[in-house]
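Fold and geometry: a report
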Protein chains: 2
Amino acid sequence: MSGKNIVVAQSGGPTVAINASLAGVISAALNNNYYDKVYGSIYGILGILNDNLIDLTKKATDNSDFIDTLKVSPAMYLGSCRHKLPEYEDDEKPYLTIFEQFEKYNIGAFFYIGGNDSMDTTLKLSHYGEKIGSDIRIIGIPKTIDNDLCLTDHTPGFGSAAKYIATSMLEISHDTFIYSVPSVTIVEIMGRDAGWLTASAALARNEYNSSPHLIYFPEVPFDKEAFINDIKQQLTVRNNVIIAVSEGIRDKDGQYISATTATNDQFGHKQLSGTGKSLEYLVKNNIDIKVRSVELNVLQRCASHQASLTDINESFELGQKAVDFSEKGHTKCMLVIKRVSDDPYTTEIDTADISSIANKDKPIPREWINSSGNDVTDNLIKYMKPLIEGETAVKYKDGLPIYLPIDHLDNTTK
Amino acid sequence: MSGKNIVVAQSGGPTVAINASLAGVISAALNNNYYDKVYGSIYGILGILNDNLIDLTKKATDNSDFIDTLKVSPAMYLGSCRHKLPEYEDDEKPYLTIFEQFEKYNIGAFFYIGGNDSMDTTLKLSHYGEKIGSDIRIIGIPKTIDNDLCLTDHTPGFGSAAKYIATSMLEISHDTFIYSVPSVTIVEIMGRDAGWLTASAALARNEYNSSPHLIYFPEVPFDKEAFINDIKQQLTVRNNVIIAVSEGIRDKDGQYISATTATNDQFGHKQLSGTGKSLEYLVKNNIDIKVRSVELNVLQRCASHQASLTDINESFELGQKAVDFSEKGHTKCMLVIKRVSDDPYTTEIDTADISSIANKDKPIPREWINSSGNDVTDNLIKYMKPLIEGETAVKYKDGLPIYLPIDHLDNTTK
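We now turn to the structure provided with this report. Just so it is clear, the structure is predicted and the values come from calculations on it, not from any experiment. (Residues numbered from 1 in each chain as written. Chains lettered and ligands numbered in written order. Predicted model: local features only at pLDDT ≥ 70, side-chain atom pairs only at ≥ 80, totals over all residues.)

A look at the overall build of chain A
Rules: For helices the rule is a DSSP run of H or I covering at least 4 residues; for strands it is a run of E covering at least 2, with both sets numbered from the N terminus onward. Each radius of gyration reported is based on C-alpha atoms, and the globular scaling rule is 2.2 Å times the count of residues to the power 0.38. Burial is judged by counting the other C-beta atoms within 10 Å of a residue's own C-beta: 20 or more makes it buried, 12 or fewer makes it exposed, and any count in between marks it as partly exposed, with every C-beta position built from the backbone. Two residues form a contact once the distance between their C-beta atoms, set from the backbone, is within 7 Å.
Check the secondary structure of chain A and you find 13 helices and 15 strands. Radius of gyration (C-alpha) of chain A: 22 Å, near the 22 Å computed for a compact globule of 414 residues. When the 414 residues of chain A are sorted by exposure, 57% land in the buried category. Put simply, of all contacts in chain A between residues at least 6 apart along the chain, 77% involve residues at least 24 apart.

What follows is the structure, encoded as structure tokens:
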């Protein structure tokens, strides 16, 4: 019994699995004698800076369904932020505030559930904590639909997004194949720098469905002429060509195909839109055929009604393990999933030094994409397949999924 | 025992419920002594014209899961078409072919499962059958996600699309509310002339979610200035404004807001795209705020993984009743659903003269939209609510829904 408390925050873009990790933290803390309370920081690290914390232990003890419902609710229960901490050498002020807050709330461990940018914050807090000799455990819990964090076999959130994408791709195939009129359908999928999500569309293939017939990744330079030729070739063997394309495809000079609308966000990432639409016009201008583009948009990251049970269970377990590892003294680390075997699919959870992870990319290995750069290989299918397995037990009321109310966020009034 | 056979076809745009009606037809015919076989016409009426029929009775007896899987599979198992028959006074040829085919296959009843355009075909075949003194029963089975067929309380397919839209709207709300940064999110929903589907977004409202905060319908002339003022007003009371908008909104002169890309299809309907996108730009040009548009696109009509059990069961029953009614001699009609009560929700199935239905619209009654024209009234909510109730028992394999293979359609080779 340390008598200390935990503070946990969520940050970056939403996933279907990020609340499962939060539920895992609360669940483990309730069943553990080492920590007392779990506080939730509202709007990521900003909640600590602005003294906006809620008592999650009380929420969970007041409502016996809290943890189970949280586990299957979309996006961030605690809200998110896109807030980049300065280097402490440049501006120590936010660090002083954060560690004062840690003292005020008697914090023994800080967990940041997030993607690459959140691991940047985790790294900076770890460095500062080390500098001032703090014994507060600082641990990153990975989540990103993009699956682009290093050292972990995959990231929580990816499996559920992949399941939604593959399901939607299968349903779009049924929708498309009903007409005998030749057509091209382009499905735009998220993934700024890594094509993992786009690749997951290939999981829709089965004994009667060979779509997506072509797949284009950010990892391979996009060539407009080759793209048109690929489609023409497909049209010699089938009526309806269905294409999966990443929002992040770039030409050989690194220019986004949708570059006209690209702007930079706070972390210097390009904000994209319209890749599918611009390819739709490209096809229309080059081939006399019916063309449609579909953008899966935010639904691929928030459709909790179609989450992967494997993903949700792993995310929950990561949250639980964060509590265990912090109790054992682990800090300055991120939890990682290690794959033990593909079939049967088994994994172990470990920690890795946060400095080896933050601000690094993990693109698809080139050998997992075919030589023409327009399809996945079997290795990639084998890697992804177990991650979409199983369905969660979302409960329904009045025909709609029951998710946890988020009326503690500033969504109704200013 | 008539010894006669049934031929059934599906046409128009896909829905999640159109195969449930087909399953109902096959199921009732198997359990009925009056009819012998059920033939399926591939690609709507074209299958009859081109002698492309399959034996559905054999499919169902060869595979014990056939009917149950068909019931929950998306789009048209038999394929679809957008084929308009000429008036027989202008060109009798296709009618001669169709009725020759009916004779060749010993057809006692023809069922056309479809929307407004399919009912036009049903009406024309009814007229021609009457003229030549045919005793073949010709019956339309309604389906359209748009819910715009007359005389029926609602159309099969609408409830499932509404459930998908409301679920997605709820998930988009969770996705949106996580940021404290003010934003406007525009969700574009299908519905060329009727706003029923757009209205269904309002079913996402619950004790913590008041979104969609604004709804725009084809039934009410769209005014750009009022739209911008509506948003500004919403932004005085909340940070994140979420808007549901129909693809078919028009200004007071009847011009589509996305008119630049509108073209006519074979039935003279405008093909639209980009309403949400054009409103996104409109907001960007008038309010300094983060704006995003999401187009639900084809997923709202083919996402069988999120179908309404009420809708699927009703569609199945309509298919069964078509067999019963035809046996009793009903013809030149469409099946209709009559609502007996809202709570408990109960309905009856009846027939209505096809000539009172085909080529007519059913917009939302003006009194079911608020006086400002930017929201639904409680009556409309009460009408829609029972239609999304219940979840279907879709089975899964390898993490994806099991649907019926459609490899009898020309989707893999020319």
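On we go from here.
Notes on the relation of the copies chain A and chain B
Applicable threshold: Only residues with pLDDT of at least 70 in both copies count here: their C-alpha atoms drive the least-squares fit that superposes the copies.
For the pair chain A and chain B, the relating rotation is 180°, the translation along its axis is 0.0 Å, and the fit reaches an RMSD of 0.0 Å. On the angle and the small slide along the axis, the relation comes out as a two-fold axis. Considering only C-alpha atoms, the residue of chain A closest to the rotation axis is A:Glu295, which sits at 3.6 Å. Most of the interface of chain A is mirrored in chain B: 100% of its interface residues are interface residues there too.

Describing helix α9 (residues 224–235) of chain B
Residue pairs three or four apart in sequence face the same way in an α-helix, which turns once every 3.6 residues. Residues and elements named next belong to chain B. This is how the line gets drawn: Expected span of a helix: the number of residues minus one, times 1.5 Å. It is the directions from the helix axis to the C-beta atoms whose arc is reported.
Taking 1.5 Å per residue as the helical rise, α9 with its twelve residues ought to reach 16 Å, and the 17 Å between its terminal C-alpha atoms agrees with that figure. Of the positions making up α9, those classed as buried are Phe 227, Asp 230 and Ile 231. Axial view of α9: buried residues confined to an arc of 95°, hence all on one face. For α9, the exposed residues set more than 90 degrees away from the buried face come down to Glu 225, Asn 229 and Gln 233.

A short note on helix α5 (residues 93–104) of chain B
All names here are of chain B. For α5, spanning twelve residues, the distance from its first C-alpha to its last is 16 Å, which sits close to the expected 16 Å at 1.5 Å a residue. Turning to α5, its buried residues number three or more, namely Tyr 95, Ile 98, Gln 101 and Phe 102. Taken end-on, α5 shows its buried residues confined to a sector of 125°, consistent with a single buried face. Those residues of α5 that are exposed and aimed more than 90 degrees away from the buried face are Lys 93, Glu 100, Glu 103 and Lys 104.

Re the environment of A:Ile165
All names here are of chain A. In this structure, Ile 165 sits in helix α7 (residues 158–177). Taking the C-beta count within 10 Å as the criterion, Ile 165 has 29 such neighbours and is therefore assigned buried. Along the backbone, Ile 165 and Arg 301 are 136 residues apart, and their C-alpha atoms lie at a distance of 9.5 Å. If we skip the residues at most four places from it in the chain, Ile 165 touches Ile 189, Leu 197, Ser 200, Ala 201, Leu 296 and Gln 300.

Focus: the packing of helix α1 (residues 18–30) of chain A against helix α12 (residues 309–327) of chain A
Residues and elements named next belong to chain A. For clarity, the threshold we go by: Axis definition: a line fit to C-alpha positions, over the contact stretch in the case of helices; interaxial angles, taken between N-to-C directions, run 0 to 180 degrees. Put simply, angles under 35 degrees are roughly parallel, angles over 145 are roughly antiparallel, angles from 65 to 115 are roughly perpendicular, and the rest are oblique. Take the far helix as your reference; a near helix turned counterclockwise from it by less than a right angle gives a left-handed crossing, and one turned clockwise gives a right-handed crossing. Charged residues are taken to be Asp, Glu, Lys and Arg, nonpolar residues to be Ala, Val, Leu, Ile, Met, Phe, Trp, Tyr, Cys and Pro, and polar residues to be all remaining types, Gly included.
At a closest axis distance of 7 Å, the pairing of α1 and α12 adopts a crossing angle of 40°. Considered as vectors, α1 and α12 are oriented oblique to each other. Crossing geometry of α1 relative to α12 is assigned as right-handed. Across the interface between the two elements, Ala 20, Ser 21, Leu 22, Ala 23, Gly 24, Val 25, Ser 27, Ala 28 and Ala 29 of α1 pack against Ile 312, Ser 315, Phe 316, Glu 317, Leu 318, Gly 319, Gln 320, Ala 322, Val 323 and Asp 324 of α12. Within the contact of α1 with α12, the residues separate by chemical class into eleven nonpolar, six polar and two charged.

Comments concerning the sheet that holds strand β3 (residues 53–55) of chain A
Strands belonging to one sheet form pairs held by backbone hydrogen bonds; the direction of such a pair is parallel or antiparallel. Residue and element names in this part refer to chain A. Note the cut-off: In this description, strands pair whenever DSSP reports at least two bridges between them.
Spatial ordering of the open sheet is given by β3-β2-β1-β4-β5-β12-β13, a layout of seven strands whose pairing is mixed. Either end of the sheet is taken by a strand with one partner, and the two such strands are β3 and β13 (345–353). Adjacent strand axes in the sheet meet at a mean angle of 30°, parallel and antiparallel pairs treated alike. Here strand β2 (residues 35–41) runs beside β3; their pairing, made up of three bridges, is antiparallel. By the bridge assignment for β3, Ser 41 is matched with Leu 53. Each of β1 (4–10), β2, β4 (107–114) and β5 (137–142) is contacted by α1, which is oriented at about 175° to β1, the strand it contacts most.

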